[in-house]
Amino acid sequence: MSIQRVMVIGAGQMGSGIAQVAATAGLEVLLHDMDPSLPEKAIEKMESFLDRDIKKGRKTEEKKNQILAKVLPSFKLKDAAEVDLVIEAVVEKMAVKVELFQRLDVICAQKTILASNTSSLPITEMAAVTNRPEKVIGMHFMNPVPVMKLVEVIRGLATSDQTFSTIRDLAIQMEKTPVEVNDFPGFVSNRVLMPMLNEAIFCVYEGVATVEAIDEVMKLGMNHPMGPLTLADHIGLDTCLSIMEVLYEGFGDSKYRPCPLLRKYVKAGWLGKKSGRGFYAYD
């Protein structure tokens, strides 16, 4: 199956990045959000991102204009009836995603593939509420999407080989590196990453060292480009907590128990860079 037209649902940081790389790959993109003001704002941010690429000599003005011309704001979910693929990048809550997939299953043509950019939630559960479980798949991009090369391509229990091949080939067309992953909590990326971040938070909680010291140890000792607490702030502490809860519930293993300090920060509204305060303070 050839993918020509895509709807991206969710015009936040991840959704706008996915829309950009899809348009750069030559696809027609509809960018949809429940908030009708967000798609156009996301396109403006996309333009700013592309302007930086022009300044660095990575793109031309002509290429920027070609990319932007491929992205159109969508104000109605029923526009999904005209696309070959839907990629959802909405809030990381299963109830929201399940309701969306139920609606899309009715709206979309039978050929349409439904993909989720979820970072940890089960693809099989989303597929089960549709009449096309063989056409439901995970397509987990990394943040920032235009820069990071990895896409975890997650097979649900019923995902067909044809659906997998189509999405794998599409990821390559987007100049990403697809890696096949089976449907387990957290997949590979967050099953490995999040417990490390959680353990770093436990080190703060237990007074092992300061926030700055923990980050410095991991940068200088392990050659990480960014310390784990800085990274948690960039991801969003609420997102980190949600993923840890998915791991804890999914495996029932105490090694995935979210640190109480992480819970406290989220309840306080200290969500990291996006809220101006997390383990560090931001302007």
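From a predicted model like this one, the values you see are computed outputs, not experimental measurements.

Quick notes on the rules
Residues numbered from 1 in each chain as written. Predicted model: local features only at pLDDT ≥ 70, side-chain atom pairs only at ≥ 80, totals over all residues. Heavy atoms only, no water. Phe/Tyr/Trp six-rings, centres within 6.5 Å; stacked < 30°, edge-to-face > 60°. Helix = DSSP H or I, 4+ residues; strand = E, 2+ residues; numbered from the N terminus. Pairing = 2+ DSSP bridges. Axes fitted to C-alpha atoms, helices over the stretch in contact; angles between N-to-C directions. Contact = heavy atoms within 4.5 Å. Domains from an automatic or database assignment. Buried < 20%, exposed > 50% of the residue type's maximum accessible area, 1.4 Å probe, protein only. Right-handed = clockwise from strand over helix to strand, strands pointing away. Parallel < 35°, antiparallel > 145°, perpendicular 65-115°, else oblique. Left-handed = near helix turned anticlockwise from the far one by under 90°. Nonpolar A, V, L, I, M, F, W, Y, C, P; charged D, E, K, R; others polar. Expected span 1.5 Å × (residues − 1). Arc of directions from axis to C-beta. UniProt positions renumbered as here; feature names shortened; annotations may be inferred. Polar contact = N/O pair within 3.5 Å; in protein donor to acceptor, adjacent residues only side chain to side chain.

(A) The arrangement of the packing of aromatic side chains in detail. A complete count under the given rule lists four aromatic pairs for this structure. Ring centres 6.2 Å apart and planes at 70° place the aromatic pair Phe202 and Tyr205 in the edge-to-face group. Here Phe202 and its partner Tyr205 are both found in helix H7 (residues 189–205), three residues apart, which amounts to about one turn of the helix. For the ring pair Tyr265 and Phe279, a centre distance of 4.9 Å and an interplane angle of 35° mean the geometry is tilted. With Tyr265 in helix H11 (residues 260–267) and Phe279 in the segment after H11, this pair connects stretches of sequence that are 14 residues apart.

(B) Spatial organisation of the sheet that holds strand S4 (residues 85–88). Spatially, S3-S2-S1-S4-S5-S6-S7-S8 is the arrangement adopted by the eight strands of the open sheet, whose pairing is mixed. Edge positions in the open sheet fall to strand S3 (71–74) and strand S8 (177–182), since each of these has one partner strand only. Each strand axis lies, on average, 25° off the axis of its neighbour in the sheet, ignoring direction. Strand direction decides the pairing type here: strand S6 (residues 136–141) and strand S7 (residues 150–155), joined by five bridges, are antiparallel. Bridging across to S7, Gly138 finds its partner in Ile154. The strands touched by helix H1 (residues 13–24) within the sheet are strand S1 (5–9), strand S2 (28–32), S3, S4 and S6, with S2 carrying the most contacts at an inclination of about 170°. Against the sheet, helix H2 (residues 38–55) engages S2 and S3, with an angle of about 160° to S3.

(C) A look at the domain arrangement of the chain. Taken domain by domain, the chain holds domain 1 (5–182) and domain 2 (190–274). Taking only C-alpha atoms, the centre of domain 1 and the centre of domain 2 are 27 Å apart.

(D) Structural context of the pairing of S7. In terms of residue burial, S7 counts as a mostly covered element, since five of its six residues are buried. Judged from the six bridges that link them, S7 and S8 form a sheet pairing that is parallel. Opposite Ile154, over in S8, you have Val181 as the bridge partner. In this view, the connection linking S7 to its parallel neighbour S8 by way of helix H6 (residues 161–173) has right-handed handedness.

(E) Representation of the packing of H7 against helix H9 (residues 228–235). Two elements in contact, H7 and H9, have axes separated by 9 Å at closest approach and are oriented at 115°. Relative to H9, H7 is oriented roughly perpendicular. Considering how the two elements wind past one another, H7 and H9 form a crossing that is left-handed. Of the residues in H9, those touching H7 at Leu193, Met194, Met196, Leu197, Ala200, Ile201 and Val204 are Pro228, Leu229, Leu231, Ala232 and Ile235. Among the residues making up the contact of H7 with H9, the classes are represented as 12 nonpolar, no polar and no charged.

(F) Expanded view of helix H8 (residues 211–222). For H8, spanning 12 residues, the distance from its first C-alpha to its last is 16 Å, which sits close to the expected 16 Å at 1.5 Å a residue. For H8, every residue scored as buried is listed here: Val211, Ile214, Asp215 and Met218. With its buried residues spanning 95° around the axis, H8 presents them on a single face. Exposed and facing more than 90 degrees away from the buried side of H8 are Leu220 and Gly221. Packing partners of the buried residues in H8 comprise H7 and H9. Directly after H8, the chain includes Asn223, whose backbone phi takes a positive value near 60°.

(G) Broad picture of the UniProt feature "site: Important for catalytic activity" (unreviewed entry) in the chain. UniProt records the feature "site: Important for catalytic activity" (unreviewed entry) for His140 in the present numbering. Owing to a relative accessible area of 5%, His140 belongs among the buried residues under this scheme. Those residues in contact with His140, other than ones at most four positions away along the chain, are Ser116, Asn117, Thr118, Ser119, Leu150, Val151, Glu152, Ile154, Phe187, Ser189 and Asn190. Reaching out from His140, the side chain makes a polar contact with the side chain of Glu152 at a distance of 2.8 Å.

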